[in-house]
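Single-letter residue listing:
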Amino acid sequence: MTKKIKVLETIRQGKIGGGETHVLDLIANIDKSQFEPIVLSFTEGPMVERAKELGVDAHVIYTETPYDIRIWGKVKQFMIDHKIDIVHAHGTRANSNIYWAAKKLGLPIIYTVHGWSFHQDQNPLVKMLRIKSESFLTKKTDVTISVSHSNQKDGVDLFGMSNSQVVNYGIDTEKYNPSKKFPDLRKELGLPENKTIVGFLVRMTIQKDPLTLIRAIRKVKDKTNDIVFLLMGDGDLLEDAKVLVKELDIEDMIVWSGFRQDIPNVLNTIDIYTLPSLWEGLPIGLLEAMTMGKPIVATGVDGSKEAIKNGENGILIECGDYESLANAFIALHQDKNKMAEFGKKSREIILKTYAVDRMCRETEAIYLKQL
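Residue positions are counted from 1 within each chain, in the order its sequence is given. Local features are withheld for residues below a pLDDT of 70 in this predicted model, meaning they are given only at 70 or higher, and side-chain atom pairs are given and counted only at 80 or more; totals for whole chains, interfaces and linings count all residues. With hydrogens and water stripped out, all remaining heavy atoms of the structure feed into the side-chain values.

Generally speaking, a soluble globular protein has its nonpolar side chains buried in company with each other. Joining through side-chain atoms within 4.5 Å is the link that ties buried Ala, Val, Leu, Ile, Met, Phe, Trp, Tyr and Cys residues into a set, and such a set is a nonpolar core. Relative accessibility decides the category of a residue: with a 1.4 Å probe and only protein chains considered, values under 20% of the type maximum give buried, values over 50% give exposed, and everything between is partly exposed. Judged by nonpolar contacts, the single largest core of 65 residues is most densely connected at Phe 229, Leu 230, Leu 286 and Leu 287. Dropping the residues within four chain positions of it, Leu 287 is found in contact with Tyr 169, Ile 171, Leu 282, Ala 307, Ile 350 and Tyr 354. Core analysis: the second largest hydrophobic core is formed by 28 residues, Val 75, Ala 94, Ile 98 and Leu 107 among them. By the convention used here, residues are in contact when the closest approach between their heavy atoms is within 4.5 Å.

Following this line, the structure appears as structure tokens:
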């Protein structure tokens, strides 16, 4: 038998977000006849447990610090002990803590950027330091994978990134197949049966801009009470969001829920998916909603504007424009044919461009070329 290629898939945390979902999809669908994935996370969490359920060797070396020199020796010994052939770092923090060991051992490094660590809401000095850090890390990397053309362009424009390739995220089109039978969660979640449900399924952070959404909901309420918003998730701005909801007197328009693992069931339950982010890499939650045949209302940022064709499978608005956001919800609510048409187009785009098999085959080709 030919020896399998041992690929270390490493990521900063065990909580499940976009990057972690991508790692799980990759290890679940990689060609196991050629590759043996091994997962290294830097914190515990459900992603680590899910990897083990998939039959993949998964480990934790704890740190929440980038460039944590205290663990670099442990990481190097881990690579030696597990006879790693190639290292795939997902995100800045993971790369900052594996590149030294990989270089010492002469191992190829693939770096997937799940959205750059610098963005527009940062202090200018912090942003400059983050850009310098990304420039340094991409130079230590054999191939940098950008998940969107927008992210790739930023790297090229800001620090002359070379050795880069775009590999879009891939979604499991059977797991997220609207033709399958899914439970309707409206009763369980306390959602009304006869109203349009808009889903906002995110971590409540500055990036996802929940406060703009809440201001849009106030505008919606001025015109109709036949739209209800499901806000699912936690995060730094959750309490601020709840305070603003009370101030604007829109508590009757919103159903709150903590994060759930059964995302296909949740997506089956909603009618419209919204993502008013200030920046993105390529949002996996948006792609999952598209795969489930949902119309999208989102900001035209980064990878979002590559997946959403304005007026074809969704409506794109400017960041912070809560009036346009509200108008988009109302327009779709009032035109059920357009909602269905947008949803159908969403799934067609996924099947053509964002299927998981394509993503895995392109990633495997990069591994083989580097070896």
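From this point on, the discussion continues.
Let us now look at the sheet that holds strand E5 (residues 109-113). Hydrogen bonds along the backbone pair up the strands of a sheet, which may run parallel or antiparallel. Strands were regarded as paired on the criterion that DSSP finds at least two bridges between them. Put simply, DSSP H or I for four residues or longer makes a helix, DSSP E for two residues or longer makes a strand, and each gets a number counted from the N terminus. Here 7 strands make up an open sheet; going across it, the order is E3-E2-E1-E4-E5-E6-E7 and the pairing parallel. Strands at the two margins of the open sheet, each flanked by one partner only, are strand E3 (57-60) and strand E7 (164-166). Going across the sheet, the axis of each strand differs from the next one's by a mean of 20°, ignoring polarity. With 4 bridges joining them, strand E2 (residues 35-41) and E3 adopt parallel strand pairing. By the bridge assignment for E3, Leu 40 is matched with His 59. Axes, fitted as lines to C-alpha atoms, cover a helix only where it is in contact. Angles between the N-to-C directions of the axes lie from 0 to 180 degrees.

Here we take up the sheet that holds strand E10 (residues 254-257). Ordered by their spatial adjacency, 6 strands build an open sheet running E10-E9-E8-E11-E12-E13, and the pairing between neighbours is parallel. Edge positions in the sheet fall to E10 and strand E13 (314-317), since each of these pairs with one other strand and no more. Mean inter-strand twist for the sheet, computed between neighbouring axes without regard to direction, equals 20°. Bridge analysis of strand E8 (residues 196-201) against strand E9 (residues 227-232) gives 6 bridges, and the strand direction is parallel. Looking at the pairing, Val 198 lines up with Phe 229 of E9.

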